[in-house]
Structure formats: C-alpha cells, structure tokens
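Topology and contacts: notes
What follows is each chain in one-letter form.
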Amino acid sequence: MIDDFAKDFLHGRLKVIREALVWKLDGLSEYDVRRPLTATGTNLLGLVKHMATLEAWYFGEVFGRPSPEPLGRWQDADGSDLWVTPDETRAQIIDFYERAWGHADATINELALDAPGHVPWWSWSDVKLINIMVHVLQETTRHAGHADILREQIDGRTGLRAEYEEQIDTAARKAYWAKIEQAAQAAADGSA
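Described in the following lines is the structure provided in the data block. (Residues numbered from 1 in each chain as written. Predicted model: local features only at pLDDT ≥ 70, side-chain atom pairs only at ≥ 80, totals over all residues. Heavy atoms only, no water.)

Together, Asp3, Asp4, Asp8 and Asp114 give the surface a local cluster of negative charge. With respect to the helices, strands and loops of the structure, Asp8 is situated in helix 1 (residues 2-23). (Patch = residues over 30% accessible without salt bridge, like charges linked within 9 Å, V, L, I, M, F, W, Y side chains within 5 Å. Areas by Shrake-Rupley, 256 points an atom, 1.4 Å probe, with all protein chains shown as cover. Salt bridge = Lys/Arg side-chain N within 4 Å of Asp/Glu carboxyl O. Lys, Arg positive; Asp, Glu negative; His and termini not counted. Charge placed at Lys NZ, Arg CZ, Asp CG, Glu CD. Helix = DSSP H or I, 4+ residues; strand = E, 2+ residues; numbered from the N terminus.)

Printed below as a string of structure tokens:
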C-alpha cells in the first residue's frame, strides 16, 4: 500500500514540475527562449530539450523500454541536448518533451517501484524504478529552478503556474532588492 502511495505521490509531483518547466516559455519570443542567459549558455528551451532527452533515457533505456524517439547514446553526450538549433522549433521541442512524458508515464504506470533497471553511466548501475523516479524528479525540479531564475531575468515573471502568479510591483521589488543589497554591503564592510 505504501508503494502505491509513494509511486503516485512522486509521479504526481513530476507531472506538476514538468508543466511548470514548459510554462516558463509562455509568452516569450523565440529569441528569449533560446538565448544563453548564463556563462555556460543555459537557456529556457534548451532546459526543456534536455529534460525530454533525460526522461527518454531514464524511463526508456534503463528499463529495457527504448524510447520511440531517436536518441544519441549516453556515451556520446556532447551537450547538444542543452540548446536548440535554428531548425528546431519550440513546438517540436515541447512535443518531444510531451512524447517523452507519455513514454515515461507508461513505464511508471506499468512497473512496480522495485522493478530493476540498469544505468550504465552510473558507478552503481543496478537500480530500481523508485531510484529513477526520485532522480528524475530531482533533476526536473533543479532545472525548473534554473528556469525560474532565467525567466525572472528576462521579464520578472516568477511562480509555479499562471494561476498563482502575482502582479509585479516594480517599486516594491526595487525596495526589497535595495534592502538586501544594503545588508550585503554592510556585512562585507564589517559594519553589520
């Protein structure tokens, strides 16, 4: 009974975070979803593409249920899943992610939490479905957090979903930012 509860809970959280990650693209230009926003080139649409590939590998290859999508081999990972070429459209990337969800969801629904899998790119390669569910949830949450920050840098929007989003109060944000900056400077000057 606890296995069913745990599986449903983890799966439910994964579904919510997937949707939040895709929502971060909402209303942005093609340039803004693709442009590098960190020194390492992290970008919003690249995060979605990366997570699609990651889910396809972990919920497909690991459990002997290969993804119907053509994937590069894990040994050949070259970072190409972290950015989007001009020939790839936003719709194609989102559709790829949604198809990867479907394949992952089928794996999760059909296997027990203790179903064995094999991750050849991990040092401890023999795993169970629960290990992979937690790992993918952790990775998705991590990258959705990156997307939160990237989106905030672009236009100030924050949040998990549109229905929870609050109107941006620019004056209040500036005052709050100034308060934090002042505290940081005071600590750096030793005057705290």
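The structure having been displayed, the exposition proceeds.
This part is about the pattern of salt bridges. For side chains bearing opposite charge, pairing can occur when the charged atoms are close. For the structure shown, the criterion picks out eleven salt bridges. Notably, a salt bridge pairs Arg35 with Asp32, separated by 2.8 Å at the nearest N-O pair. Arg151 is the partner of Asp155 in a salt bridge, and the nearest nitrogen-oxygen pair spans 2.9 Å. Within this pair, Asp155 and its partner Arg151 are both found in helix 5 (residues 129-155), separated by four residues, close to a single helical turn. Looking at Asp155, the relative accessible area reads 33%, which means it is partly exposed. Overall, Arg151 belongs to the buried group, its relative accessible area being 2%. Because the salt bridges share partners, they merge into one network encompassing Arg18, Glu55 and Asp105. (Buried < 20%, exposed > 50% of the residue type's maximum accessible area, 1.4 Å probe, protein only.)

Okay, a nonpolar patch on the surface next. A contiguous nonpolar patch, built from Ile2, Phe5 and Phe9 and spanning about 370 Å² of accessible area, is present on the exposed surface. Here Phe5 is to be found in helix 1. Relative accessible area serves as the criterion here: at 55%, Phe5 is assigned to the exposed category.

Relative to the helices and strands, Arg13 is located in helix 1. Considered as a pair, Arg13 and Trp177 are 164 residues apart in the sequence and their alpha carbons are 31 Å apart.

With that out of the way, let us pick up the packing of helix 1 against helix 5. At a closest axis distance of 9 Å, the pairing of helix 1 and helix 5 adopts a crossing angle of 25°. Overall, the two elements helix 1 and helix 5 adopt an arrangement that is roughly parallel. Judged by the sense of rotation from one axis to the other, the crossing of helix 1 with helix 5 is left-handed. Here helix 1 contributes Lys7, Leu10, His11, Arg13, Leu14, Ile17, Arg18, Leu21 and Trp23 to the contact with helix 5, which in turn contributes Ile130, Met133, Val134, Val136, Leu137, Thr140, Thr141, His143, Ala144, Ala147 and Arg151. (Axes fitted to C-alpha atoms, helices over the stretch in contact; angles between N-to-C directions. Parallel < 35°, antiparallel > 145°, perpendicular 65-115°, else oblique. Left-handed = near helix turned anticlockwise from the far one by under 90°. Contact = heavy atoms within 4.5 Å.)

Let us look at the nonpolar core. Formed by 43 residues in total, the largest nonpolar core has its most connected members in Tyr58, Phe59, Tyr97 and Ile132. Residue assignment for this core shows that the elements contributing at least two residues are helix 1, helix 3 (44-59), helix 4 (90-110) and helix 5. Beyond its immediate chain neighbours, meaning those up to four positions away, Ile132 contacts Tyr58, Phe59, Val62, Phe63, Val119, Trp122 and Val127. (Core = buried A, V, L, I, M, F, W, Y, C linked by side-chain atoms within 4.5 Å.)

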